[in-house]
Amino acid sequence: MRWKTSLSNKFIALYGAIFLIVIGMTFWLSYIGSTGRLESEVNSTNIALLKQVDQKIEMVLKELDKDLLKLSEELEFVYFMYDSYSDNAHRYSNYYGLSNKMKGLMNSDPYISSIYIYSGISGEVLTDQTLIEGRDNPELRWLSGYMDMEGYSKWLTTHRIGAGTNARNVVTLVRVYPSVSSPGYRKGLLAVNIDETMLYNLIKDANGGRLGHIFVIDADGNVVSHDDKTMLFHSLKNQSDMVRLLQGKTDTGYFRVKENGEEETIFYAASKYTGWKIVSIVPKAQMNRPITVTRNLLLVLASLMFAAAISAVIFVNRWTFRPLDRVLGTVKRRFLPQKANPDAGSLTFLESVFDEMMTDREALQKQVRDSRPALKMRMVSDLLTGYRTEYAAVKHRLEFAGIRLYPAHYIVCSAEISGDKQGMSRTDLMLYTYALCNIAEELINMENRGVAVEMKDGLAAIIMSFEGGDAEQNQMRALATADSIRDIMKRQFGLTVTFGIGGFRSAMKDLSQSYEESLRALEYKMVMGAGAVVSIDDVQQANGGAYDRILQLADTVVESLKQADRSRLLESLRAVFEESVRSSYSPDMIRQLCFDLILKSYKMAASNGLDMRPYAGKITAVHDQLSQCRDWREAQQVTEGLLCQFLQMVVERRNQRGKNDTVDKILAYIHEHYRRSDLSLNLLAQQFQLTPPYVSKLFKEHTEQNFMDYLIAIRMEASKERLADRKLKIGEIAEEVGYTNIHSFLRTFKKYTGMTPTEYRELITAHASPEASGPLAE
């Protein structure tokens, strides 16, 4: 009995210790690996968030800079800078017009707090509220000192302007005039002020509370914006941690410091546009929160596994070693003394032992068969993520999981069940995806080899492997197979399946690249439509130049909105989308195009005095609305709906203003005589016995655009009509619409339409041809 008890105790002690060591080592290694990865992900996430904050700030500030340059091109601005007026009436009329344009600019951009225009010739400063005279005025001293600054523009750190209750803390962009002039040749300055609180709210909104203590400093360590307003007008350049940050050679990064006994991580990102650095200070407790959660979870799991291991050892000891002890005791007592003549009953015992062993073996085989689908999915995931890269190393694992692949020649496809998934339960979607994988494997393995697995609900990954053939031949095989799978799914289940086909790869280590390409090609279902088979080789990414050309073409849409021409607006918008889809723009570029169109229209309406504040929230939310569009037609509908709302506001504004007989006569005269090369404001003033400034003011009040812009639009539309006639030469068309210099005509046409007259003629000829083809030819 002592021998049996000793064996059981040894079993519990030995295997219990082994279990505890294995479990402890496993969870310890898991903790080490998880914390390292989590720490790296947390650092990368914080840097990425800072970059997002910087991108949003830079986008707003660049937009302000563009608006200033546009304002400096206005005629009233030039008059003010050169102090050039015909009389006092002209002077005050010019003040009034320029002040209204400044107010319009402020209404169109909520970040502008105030605008100062300083004329070095007259010594006057014009703001959106008042005119300040006198070179020694305290309001001018901070501004006039930048007349001899280096460069053409400068972002000033936070400073105070005004006095008393009107004093404000602002960040200022100062730009010289003329915009590319050197000291000594400058006529004045243009400054736009952003309230520091607005700037910090922009940082806070972009951050969303995800970073720690965040603030902005300039290249000299001066505080630009801070949540603690007492820190404004202070310099941090003497602080040891800020010295290290300012002297850093990289634009982005992080380092750790110890402040008041507490360890902190300082993340920073430098703006190439302003030279500012956005700084985020995150305490160690906040940084380590995900790691602490992971550690506690692993400790709980380890404790549970420890308890389960001890219970298993005791249970196995009770049901295994104790009967074995009894058997060994019986053998010792009964069989060892009778070696020459053993008891026949022992054969029955051995037979039962072997029967039990065979039963266990069959159960183990069944368990292996049941686990093969999961093993198959795991193997395919490893191949597609680049974890398994050598065919020889994984060949036996592939065969064990039931996967048959050739050593080389691979193409990866991504197949997605498209259409209305919301009306389908998750179970049904899984079953249809399983059926899709079975059909794919059956078709592929008829002539080649391959495997298909479900990656997530409704999405399957298909690996095709070919025995030989070149890249083009195998791409044709993959396309044909995808077409067959799509047709069978449509015929048998009534489901629409969209395919994205990656590029051909000769080695298994490059499967991940083909898989990424297939997912990128699958995104083009927004352009090609559901049920398409899109190959990455057929997708031509539109380059930056082509996109700029489309943006210039989109100016026609904004011009139609400005003229309140609904039919031309809808026609121009449709033409822009046709060209985008025909050029195979990516979904992201189409969404960006929609947003640019809406933003340009919004600015145009605001600059013409319309109250666009109710639409500020819609402009912010339009990104999310466009990202949810399933195809380009939905994106076009979203854009068209918002532009039609803007159009209605323009129409109502014009109806409120009423008609003017003089303006109607002027417009009729322009339409009748636009072919005259000498048509100008002076000619109109002589014809109608008015002064040129009054004609310009009257024209803009009732048409909401400058005379020259209106004349150019009429001439360009007339030239576009004549370009349809291929018998007319470009020079003849230029003379017919009022241009004596063909180079001036070509330059104006390119700026107005985004293409040369020859390119435009080829485009409209291709559209008019019955053989025209493309995604929108029908």
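Residues numbered from 1 in each chain as written. Predicted model: local features only at pLDDT ≥ 70, side-chain atom pairs only at ≥ 80, totals over all residues. Heavy atoms only, no water.

Draft legend 1. Highlighting the overall build of the protein chain. Counting its secondary structure elements, the protein chain contains 26 helices and 16 strands. Counting over 778 residues, the protein chain shows a buried share of 43%. With an accessible surface of roughly 42,000 Å², the protein chain has 53% of that area assigned to carbon and sulfur atoms. (Helix = DSSP H or I, 4+ residues; strand = E, 2+ residues; numbered from the N terminus. Buried < 20%, exposed > 50% of the residue type's maximum accessible area, 1.4 Å probe, protein only. Areas by Shrake-Rupley, 256 points an atom, 1.4 Å probe, with all protein chains shown as cover.)

Draft legend 2. Representation of the packing of helix H20 (residues 661–673) against helix H22 (residues 692–703) in the model. One way to put it is that H20 packs onto H22 with a least axis distance of 10 Å and a crossing angle of 95 degrees. Classified by the angle between their axes, H20 and H22 sit roughly perpendicular to one another. Of the residues in H22, those in contact with Thr662, Val663, Ile666, Leu667 and Ile670 of H20 are Val695, Leu698, Phe699, His702 and Thr703. (Axes fitted to C-alpha atoms, helices over the stretch in contact; angles between N-to-C directions. Parallel < 35°, antiparallel > 145°, perpendicular 65-115°, else oblique. Contact = heavy atoms within 4.5 Å.)

Draft legend 3. Molecular detail of the nonpolar core. Counting 41 residues, the largest nonpolar core has Ile57, Leu98, Ile115, Ile117, Trp155 and Trp276 as its most contacted members. At nine residues, helix H1 (residues 2–72) tops the list of elements feeding residues into this core. With residues near it in sequence (within four places) discarded, leucine 98 still touches Leu71, Glu76, Phe77, Phe80, Ile117 and Leu126. One finds Val581, Leu593, Ile598 and Leu647 within the second-largest nonpolar core, a separate group that totals 33 residues. (Core = buried A, V, L, I, M, F, W, Y, C linked by side-chain atoms within 4.5 Å.)

Draft legend 4. Looking closely at the pairing of strand S10 (residues 262–270). In terms of burial, S10 is largely enclosed, as seven of its nine residues are buried. The sheet contact formed by strand S9 (residues 252–259) and S10 spans eight bridges and is antiparallel. Within S10, the residue paired with phenylalanine 255 across the bridge is isoleucine 266. As paired strands, S10 and strand S11 (residues 277–283) are joined by seven bridges and run antiparallel to one another. (Pairing = 2+ DSSP bridges.)

Draft legend 5. Layout of H20. The end-to-end C-alpha distance of H20 is 18 Å, a good match for the 18 Å that 13 residues give at a rise of 1.5 Å each. Every buried residue belonging to H20 is among Val663, Ile666, Leu667, Tyr669 and Ile670, and all of these are buried. End-on view of H20: buried residues confined to an arc of 160 degrees, all on one side of the axis. For H20, the exposed residues set more than 90 degrees away from the buried face come down to Asp661, Lys665 and Glu672. Its buried side turned inward, H20 meets helix H21 (681–688), H22 and helix H23 (707–723). (Expected span 1.5 Å × (residues − 1). Arc of directions from axis to C-beta.)

Draft legend 6. Seen up close, the sheet that holds strand S12 (residues 410–418). Taken in spatial order, the five strands make up an open sheet running S13-S14-S12-S15-S16, and their pairing is mixed. The two strands at the open ends of the sheet, each matched to only one other strand, are strand S13 (449–456) and strand S16 (533–535). Within the sheet, the average angular offset between the axes of one strand and its neighbour, ignoring direction, is 20 degrees. Sheet topology note: the S12/strand S14 (residues 459–465) ladder contains seven bridges and is antiparallel. Directly across from tyrosine 410, in S14, lies its bridge partner serine 465. Along the sheet, helix H12 (residues 471–493) makes contact with S12, S14, strand S15 (496–501) and S16, crossing S15 at roughly 165 degrees.

Draft legend 7. Spatial organisation of the packing of H20 against H23. One can describe the packing of H20 onto H23 by two numbers: an axis separation of 10 Å at closest approach and a directional angle of 40 degrees. Regarding the angle of H20 to H23, the classification is oblique. Where H20 crosses over H23, the handedness of that crossing is right-handed. Of the residues in H23, those in contact with Leu667, Ile670 and His671 of H20 are Phe707, Tyr710, Leu711 and Ile714. (Left-handed = near helix turned anticlockwise from the far one by under 90°.)

Draft legend 8. Highlighting empty space enclosed by the protein. Taken as a whole and assessed by the stated rule, the structure comprises two cavities of 30 Å³ or more. Lining the largest cavity are Asp54, Ile57, Val216, Ser271, Thr274, Trp276 and Ile278. Leu68, Leu69, Ser72, Phe77, Arg175, Val176, Tyr177, Ser179 and Leu190 together form the lining of the second largest cavity. Mapped onto the lining of the second largest cavity, the elements with two or more residues apiece are H1 and strand S5 (168–177). (1 Å grid on protein atoms, 1.4 Å probe; cavity = no way out; pocket = protein on both sides within 12 Å on 5 of 7 lines; lining within 4 Å. Points joined across faces, edges and corners; volume = space filled by probe spheres on them.)

Draft legend 9. Molecular detail of the pattern of salt bridges. Applying the stated criterion to the full structure yields 18 salt bridges. In this structure, glutamate 58 engages lysine 62 in a salt bridge whose closest nitrogen and oxygen atoms are separated by 2.9 Å. A residue pair is termed a helical-turn pair when its members lie 3 or 4 positions apart in one helix, as glutamate 58 and lysine 62 do in helix H1 at four residues. On the basis of relative accessible area, lysine 62 is assigned to the partly exposed category, the value being 36%. The partner of arginine 726 in a salt bridge is glutamate 762, and the shortest N-O contact between them spans 3.4 Å. One end of the pair, arginine 726, is in the loop between H23 and helix H24 (730–736); the other, glutamate 762, is in helix H26 (residues 757–768), with 36 residues separating them in the sequence. (Salt bridge = Lys/Arg side-chain N within 4 Å of Asp/Glu carboxyl O.)

Draft legend 10. The arrangement of the pairing of S12 in detail. For S12, a buried count of nine out of nine residues is recorded, marking the element as mostly surrounded by other parts of the structure. Where burial is concerned, the two faces of S12 agree: the one with Tyr410, Val412, Ser414, Glu416 and Ser418 and the one with Ile411, Cys413, Ala415 and Ile417 are both buried. Examined bridge by bridge, S12 and S15 share six bridges and lie antiparallel to one another. Across the sheet, residue alanine 415 finds its bridge partner in S15, namely phenylalanine 499.

Draft legend 11. Molecular detail of a nonpolar patch on the surface. A contiguous nonpolar surface patch, about 450 Å² in accessible area, is contributed by Leu14, Tyr15, Ile18, Phe19 and Val22. Along the polypeptide, valine 22 turns up in helix H1. Here valine 22 falls in the partly exposed class, since its relative accessible area comes to 48%. (Patch = residues over 30% accessible without salt bridge, like charges linked within 9 Å, V, L, I, M, F, W, Y side chains within 5 Å.)

Draft legend 12. Just the packing of aromatic side chains, in detail. Tallying each qualifying case throughout the model produces 14 aromatic pairs. Measuring from centroid to centroid gives 5.1 Å for phenylalanine 77 and tyrosine 177, while their planes differ by 75 degrees, and the two rings are edge-to-face. Placement of phenylalanine 77 in helix H2 (residues 75–82) and of tyrosine 177 in strand S5 is noted, with a sequence separation of 100 residues between them. Here phenylalanine 77 and tyrosine 177 have matching classes, each one buried. Ring centres of tyrosine 92 and tyrosine 95 lie 6.0 Å apart, and the angle between their planes is 75 degrees; this geometry places the pair in the edge-to-face category. Here tyrosine 92 pairs with tyrosine 95, and both are found in helix H3 (residues 88–108), just three residues apart, close to one helical turn. Under the relative-accessibility criterion, tyrosine 92 is labelled exposed at 53%. Given the relative accessible area of 9%, tyrosine 95 is considered buried. Here a set of aromatic residues connected by ring pairs shows up, and it is made of Phe80, Tyr85, Tyr92 and Tyr95. (Phe/Tyr/Trp six-rings, centres within 6.5 Å; stacked < 30°, edge-to-face > 60°.)

Draft legend 13. Just H21, in detail. Looking at H21, one finds that the buried residues are Leu683, Leu684 and Ala685. Those residues of H21 that are buried are in contact with H20, H22 and H23. The first or second residue beyond H21 is glutamine 689, which carries a positive phi of 60 degrees.

Draft legend 14. Here's a closer look at the confidence of the model for the protein chain. Looking at the protein chain as a whole, the pLDDT averages 78, with 79% of positions reaching at least 70. Ignoring residues within four places in sequence, the model shows residues 1–6, a span with pLDDT below 50, making three contacts including any to other chains. The low-confidence segment residues 770–778, where pLDDT is below 50, has ten contacts with residues more than four positions distant or belonging to other chains. (pLDDT = per-residue confidence, 0-100.)

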